[in-house]
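The primary structure of each chain is shown beneath.
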Amino acid sequence: MPWRLIGFIVLFGIVLVFIAFNLGNTSDISFGFKVFSGVPVYFIVFASFILGLLSAVPSIVSSKFRKKEKPKEGGKPPKAPKKGEEAVIEELPSGEEGPYGIN
């Protein structure tokens, strides 16, 4: 089943019901220099939702273009020894702790 299509149809039905219940509800919008009277409530809700989506676009775009940090040298774990080889254990200089606070 095309679940996305079914989800879209259900969502569209909910939006349609919301609009139908709020056809008679109106409000005034004031921008300081201009007042719009009799604006339907559903229009205000959808306009604010769209403005919220548009305000999120710059943060999404900037996260795509951020440079990925390169791992520092020595950041890779040592490779496991092959069969027949002994594991090399590096000793830390005296007084230094290991990466997890373990000597």
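Data block above holds the structure.
For the structure given in this document, a descriptive report is provided here. These figures come from a predicted structure and were not determined experimentally.

Let's talk about the overall build of the protein chain
Move 1: Looking only at helices and strands, the protein chain has 2 helices and 2 strands in total.
Move 2: The helix and strand sequence of the protein chain, counted from the amino end, reads α-β-β-α.
Move 3: Counting only residues that meet the buried cut, the protein chain has 3% of its 103 residues in that class.
Move 4: A separation threshold of at least 6 residues defines the contact pool for the protein chain, and within that pool the share at least 24 residues apart is 16%.
Move 5: For the protein chain, the exposed area adds up to about 10,400 Å²; of that, 65% sits on carbon and sulfur atoms.

Observations regarding the packing of aromatic side chains
Move 1: Scanning all chains against the criterion turns up 3 aromatic pairs.
Move 2: Here Phe18 and Phe46 contribute two aromatic rings whose centre-to-centre distance is 6.2 Å and whose plane-to-plane angle is 70 degrees, an arrangement assigned as edge-to-face. Note that Phe18 is positioned in helix H1 (residues 3–21) and Phe46 in helix H2 (residues 41–65), a separation of 28 residues in sequence.
Move 3: Residue classification places Phe46 among the partly exposed residues on the basis of a relative accessible area of 30%.
Move 4: The ring of Phe36 is capped by Lys34, whose NZ or CZ atom sits 5.5 Å from the centre of that ring.

Here's the deal with the pairing of strand E2 (residues 35–40)
Move 1: Direction of pairing for strand E1 (residues 26–30) relative to E2: antiparallel, over a ladder of 4 bridges. Its bridge partner being in E2, Ser30 is matched across the sheet by Val35.
Move 2: Connecting the antiparallel pair E1 and E2 is a turn made up of 4 residues, with Gly32 showing a positive phi of about 95 degrees.

With respect to the environment of Phe46
Move 1: Distance from Phe46 to Val15, taken between C-alpha atoms, is 9.9 Å for residues 31 residues apart in sequence.
Move 2: The contact partners of Phe46, leaving out residues within four places of it in the chain, are Val15, Phe18 and Ile19.

A word on H2
Move 1: The end-to-end C-alpha distance of H2, which contains 25 residues, comes to 38 Å, matching closely the 36 Å that a straight helix rising 1.5 Å per residue would cover.
Move 2: At Val57, H2 shows its largest kink, close to 25 degrees, and the proline Pro58 lies no more than four residues downstream.

Let's talk about a nonpolar patch on the surface
Move 1: On the surface, a cluster of nonpolar side chains totalling about 820 Å² of accessible area is made up of Phe49, Ile50, Leu51, Leu53, Leu54, Val57, Val61 and Phe65.
Move 2: Inspection of the secondary structure puts Val57 in helix H2.
Move 3: Owing to a relative accessible area of 40%, Val57 belongs among the partly exposed residues under this scheme.

Observations regarding the packing of H1 against H2
Move 1: The geometry of H1 relative to H2 is characterised by a closest axis approach of 8 Å and an angle of 135 degrees between their N-to-C directions. Here H1 is positioned oblique relative to H2, judged by the angle of their axes. Within the contact between the two elements, H1 uses Val15, Phe18 and Ile19 and H2 uses Tyr42, Val45 and Phe46.

Reading the values: rules and limits
What you see as residue numbers is a count from 1 along each chain, following the sequence as written. Side-chain atom pairs in this predicted model are given and counted only at pLDDT of 80 or more, local residue features only at pLDDT of at least 70, and totals for whole chains, interfaces and linings cover all residues. In computing side-chain properties, one takes all heavy atoms of the structure into account and sets aside hydrogens as well as water. Numbering of helices and strands runs from the N terminus; a helix is a DSSP stretch of H or I covering at least four residues, while a strand is a stretch of E covering at least two. Throughout, exposure labels follow a simple rule: accessible area from a 1.4 Å probe, protein chains only, divided by the maximum for the residue type, with under 20% read as buried, over 50% as exposed, and the rest as partly exposed. Should any heavy atoms of two residues lie within 4.5 Å, those residues are considered in contact. Throughout, the Shrake-Rupley method with a 1.4 Å probe supplies accessible areas, and for residues the shown protein chains are the sole cover considered. Geometry of aromatic contacts follows a simple scheme: Phe, Tyr and Trp rings, the Trp one being its six-membered ring, pair when their centres are within 6.5 Å, and the pair is stacked under 30 degrees between planes, edge-to-face over 60, tilted otherwise. In this scheme, the term charge over a ring applies when either NZ of a lysine or CZ of an arginine sits within 6 Å of the ring centre and within 35 degrees of the ring normal. A pair of strands counts as paired when DSSP detects no fewer than two bridges linking them. What a helix should span is 1.5 Å times the count of its residues minus one. Two axes are fitted around each residue, one to the seven residues ending there and one to the seven starting there, and the angle between them is reported as the bend at that residue. For patch detection, residues must exceed 30% relative accessible area and be free of salt bridges, and they are connected within 9 Å for like charges or within 5 Å for nonpolar side chains (Val, Leu, Ile, Met, Phe, Trp, Tyr). Whenever Lys or Arg places a side-chain nitrogen within 4 Å of a carboxyl oxygen from Asp or Glu, that contact is recorded as a salt bridge. As a rule, the C-alpha atoms of each element are fitted with a line to give its axis, helices using only the stretch in contact, and angles between N-to-C directions run from 0 to 180 degrees. These descriptions rest on fixed angle ranges, namely under 35 degrees for roughly parallel, over 145 for roughly antiparallel, 65 to 115 for roughly perpendicular, and the rest for oblique.

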